Amino acid sequence: MRELIKKILKIIFLIFFVFWEIFSISYSFTFAVIGDRAGRPVKGVFERNFSEILKRKPDFIIQLGDILDNSSEEEYNFLRNLIKDVKIPIYFVPGNHDLKGDPKGEKYQAFTGRPLYYYFDYENSRFIILNNSSGKIGKEQMNWLINILKNTDKKYKFVFMHQPIISPSFFFLFHKADPFESKELMRIFEEYKVNYVFSGHIHMYYRKVINGVTYIISGIGGARPYVSTEIDEGKPHFILLEVTDKGIKEEVIRLSW
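These numbers come from a predicted model, not from an experiment.

Caption draft 1: Highlighting the overall build of the protein chain. On a plain count of helices and strands, the protein chain comes out with 6 helices and 11 strands. Dimensions of the protein chain along its principal axes, counting C-alpha atoms only, are 80 × 40 × 40 Å. Each of the 257 residues in the protein chain was classed as buried or not, and the buried ones make up 50%. Considering only contacts within the protein chain whose residues lie at least 6 apart along the sequence, 68% involve residues at least 24 apart. Of the roughly 13,500 Å² of accessible surface on the protein chain, 56% is carried by carbon and sulfur atoms. Taken together, the 36 basic and 31 acidic charged side chains of the protein chain have centroids lying 5 Å from each other.

What follows is the structure in structure tokens.
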């Protein structure tokens, strides 16, 4: 009888241990963020940057807009050739140059296979892509955004848009999104505890934490910079983020001109 009880206890312990291991498994994934290629592209720089991303084999890539200059068929062919053999998922953010000559984004949506704003979930994170290529997202998209942020139990929330809602300095105030809407968006991001907000458009690197939200401008995927190339903020770059259950690590990888 005693031996039987011991065997039963061992089985119970084994079952408990297996379930404990299953439910306590931590997750880890990486994704890359790369900014503008166009709006004064520098030949070959985006391709080099993109190649460096692929070497690191992230789980997916997010491009922050202005990958095209004027949405010409020639540019779309260039882009198709660039990514034709890439197996890593790429999520595109619409920029003002991407929709230049294509204001409804019909060609752009046909190419990306996605709407102009959307979201997806990965592990314990929600990723939200907004369309503020015109400088505003508007009331309909604002309501959609609130609903997407409100109705999730994901631990981390990331938002991506082309035009930044913060400015690195007074000089760039006219390069940022609508100031009144930007103020409301910042309030929403704080209320729903968004972790990161990424944007491009301003051709430089800039990072600032405001009320718990990390804002990053990453605008030099391959575009000519708005600041000196002698400083880190003016170098072509991409950002690699590692997300785990314990936190988020970010690394800025810069290339020389």
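Caption draft 2: Structural context of the pairing of strand β1 (residues 28–34). Counting buried residues in β1 gives 5 out of 7 residues, a clear majority hidden from the surface. Pairing of β1 with strand β10 (residues 237–244) involves 7 bridges; the strand directions are antiparallel. If you follow Phe29 over to β10, its bridge partner there is Val243. For the segment spanning β1, helix α2 (residues 45–55) and strand β2 (residues 60–63), crossover handedness is right-handed.

Caption draft 3: Inspection of unusual backbone geometry at higher detail. Its identity as a non-glycine residue notwithstanding, Ser71 has a phi of 55°, on the positive side. With respect to the element layout, Ser71 can be found in the loop between β2 and α3 (73–83). Given the relative accessible area of 1%, Ser71 is considered buried. Residue His201 is not a glycine yet carries a positive backbone phi of 75°. Structurally, His201 is set in the loop between β7 (196–199) and β8 (205–210). Judged by relative accessible area, which is 12%, His201 ranks as buried.

Caption draft 4: Looking closely at the packing of aromatic side chains. All chains considered together, the criterion is met by 25 aromatic pairs. Look at Phe60 and Tyr91: their rings are 5.8 Å apart centre to centre, the planes differ by 90°, and that puts the pair in the edge-to-face class. You can see Phe60 sitting in strand β2 and its partner Tyr91 sitting in strand β3 (residues 90–92), a full 31 residues away along the chain. For the pair Phe60 and Tyr91, one class covers both residues: buried. A network of ring pairs unites the aromatic residues Phe29, Phe31, Phe60, Tyr91, Phe120, Tyr122, Phe127, Phe158, Phe160, Tyr196 and Phe198 as a single cluster.

Caption draft 5: Structural detail: the sheet that holds strand β5 (residues 125–129). Read across the sheet, 6 strands follow the order β4-β5-β6-β7-β9-β8 without closing on themselves; strand pairing throughout is mixed. Each edge of the sheet is formed by a strand with only one pairing partner; in this case those strands are β4 (118–122) and β8. Neighbour-to-neighbour, the strand axes of this sheet turn through a mean angle of 15°, independent of strand direction. One ladder, built from 5 bridges, connects β4 with β5; its direction is antiparallel. Its bridge partner lying in β5, Tyr118 is registered against Ile129. Along the sheet face, helix α6 (residues 179–191) touches β6 (156–160), β7, β8 and β9 (213–218) and points at about 130° away from the line of β9.

Caption draft 6: A nonpolar patch on the surface, seen in detail. On the surface, a cluster of nonpolar side chains totalling about 420 Å² of accessible area is made up of Phe170, Leu173 and Phe174. Inspection of the secondary structure assignment puts Leu173 in the loop between β6 and α6. We classify Leu173 as partly exposed; its relative accessible area is 40%.

Rules behind the numbers
Residues numbered from 1 in each chain as written. Predicted model: local features only at pLDDT ≥ 70, side-chain atom pairs only at ≥ 80, totals over all residues. Heavy atoms only, no water. Helix = DSSP H or I, 4+ residues; strand = E, 2+ residues; numbered from the N terminus. Buried < 20%, exposed > 50% of the residue type's maximum accessible area, 1.4 Å probe, protein only. Contact = heavy atoms within 4.5 Å. Areas by Shrake-Rupley, 256 points an atom, 1.4 Å probe, with all protein chains shown as cover. Lys, Arg positive; Asp, Glu negative; His and termini not counted. Charge placed at Lys NZ, Arg CZ, Asp CG, Glu CD. Pairing = 2+ DSSP bridges. Right-handed = clockwise from strand over helix to strand, strands pointing away. Phe/Tyr/Trp six-rings, centres within 6.5 Å; stacked < 30°, edge-to-face > 60°. Axes fitted to C-alpha atoms, helices over the stretch in contact; angles between N-to-C directions. Patch = residues over 30% accessible without salt bridge, like charges linked within 9 Å, V, L, I, M, F, W, Y side chains within 5 Å. Salt bridge = Lys/Arg side-chain N within 4 Å of Asp/Glu carboxyl O.

Fair warning: the whole summary comes from geometry, so function is off the table for now.
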